[in-house]
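Chain and residue survey
If you want the building blocks of each chain, they are given just below.
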Amino acid sequence: MKLGILGLPNVGKSTLFNSITKAGAESANYPFCTIEPNVGVVSVPDERLKLLGDMYHSKKVTPAVIEFVDIAGLVKGASKGEGLGNQFLANVREVDALVHVVRCFEDSNIVHVDGSVDPLRDIETINFELIFADLEVLERRLSKVSKAARMDKTLAKEEALLIRIKEHLESGKLAKTLDITDEDELALMKEYNLLTYKPVIYAANVSEDDLSDDGANNDFVKKVREFAKNEGSEAFVICAKIEEEIAELDDDEKQMFLEDLGLKESGLDKLITASYSLLGLMSFLTAGEDETRAWTIKKGTKAPQAAGKIHTDFERGFIKAEVVNYKDLLEQGSLAAAREKGLVGMEGKDYVVKDGDVILFRFNV
């Protein structure tokens, strides 16, 4: 999974990126200090992996990972070359979802690029820049397609779709709000990789004081949550400064620190949960002496396609999947003991993989 972190300058975007990836991106109190896009890879915390790894005495335990791309702060007019221009938007075209960091705290020591804190105005500013960037992409595609559309029915259909999307964006709406049900058109929409078609998670960055009640009394946060709900997006509360402090601690210290603050989980944990929820993802597991590993798949994935995540040969030569729930496996202490109790199923090509399944694939190539 790949997530792009974006937002206006000085909203806490790079501070958040630093803390969740420990990548050390430069963070300073002035716009455009993030000159190059930064990329960091984060392991997805999963207690099931440790328990299974201990049971099997695995030589290696490999968690699922999320790749984060941090983009320079965008400003009004970025798509027209203001600030650092929209060169950075190209870096987020390949991501699965956007994490939009929105400032929901007052601090006279940290300048706001527009002079005051207003999260909905900030969201609108970024959205317009994404729309302008997408319009450029559509216009380039349209100029190519239009020339050949007169002689080709398929291209004529695409031309009509491109014009519809363009008009929709020009009215100030995001591509994902356009009503499209035709499968061919949906396939084209995915191919265009439009920024305004991507799912969004809003990270409401608050002060430490607003963290313990999850921003319940912060009016800025209320507005962001309402906006996200109406848009069908996810939203969560984070304090980038606290995340920065957590990033320096080991696991035991981190837990104590969170408890002292009255928190159950870190902002990174919240972000991972929101990402999996928004994108409809889950993990199945493979376990053994050599390696115990988590594999990220879409909910609803069938056994052969899950096998293909490990290796294309597994999908091509799929025969059966030996499946046991991780809790049952841990309780029984071994796969053989779970088999004896009838807790292991031999599943075929139509089996829909469940979160927490431990699977041994049988294949023949």
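As shown above, the structure is provided for reference.
Everything numeric in this text was worked out from a predicted model, so none of it was measured.

Cut-offs used in this document
- Residues numbered from 1 in each chain as written.
- Predicted model: local features only at pLDDT ≥ 70, side-chain atom pairs only at ≥ 80, totals over all residues.
- Heavy atoms only, no water.
- Pairing = 2+ DSSP bridges.
- Helix = DSSP H or I, 4+ residues; strand = E, 2+ residues; numbered from the N terminus.
- Axes fitted to C-alpha atoms, helices over the stretch in contact; angles between N-to-C directions.
- Phe/Tyr/Trp six-rings, centres within 6.5 Å; stacked < 30°, edge-to-face > 60°.
- Buried < 20%, exposed > 50% of the residue type's maximum accessible area, 1.4 Å probe, protein only.
- Lys NZ or Arg CZ within 6 Å of the ring centre and 35° of its normal.

1. As for the sheet that holds strand β4 (residues 65-70)
Read across the open sheet, the 6 strands follow the order β2-β4-β1-β5-β6-β7; overall the sheet is mixed. Only two strands of the sheet have a single partner each, and these edge strands are β2 (38-43) and β7 (234-238). For this sheet, the mean inter-axis angle between neighbouring strands, taken without regard to orientation, is 25°. Pairing geometry for strand β5 (residues 97-103) and strand β6 (residues 200-205), over 6 bridges, is parallel. Within the sheet, the bridge partner assigned to H100 lies in β6 and is Y202.

2. Quick look at the packing of aromatic side chains
Inspection of every chain in the model, using the stated rule, returns 6 aromatic pairs. Ring geometry for F284 versus F361: centroids 6.0 Å apart, planes at 90°, classification edge-to-face. One end of the pair, F284, is in strand β8 (residues 281-286); the other, F361, is in strand β12 (residues 357-363), and 77 residues separate them in sequence. Classification of F361 as buried rests on a relative accessible area of 9%. Among the aromatic residues, those joined into a ring-pair cluster are F284, W295, F318 and F361. A cation sits over an aromatic face here: R48 above Y326, 5.5 Å from the ring centre. One cation-aromatic arrangement involves R293 over W295; the distance from NZ or CZ to the ring centre is 4.0 Å.

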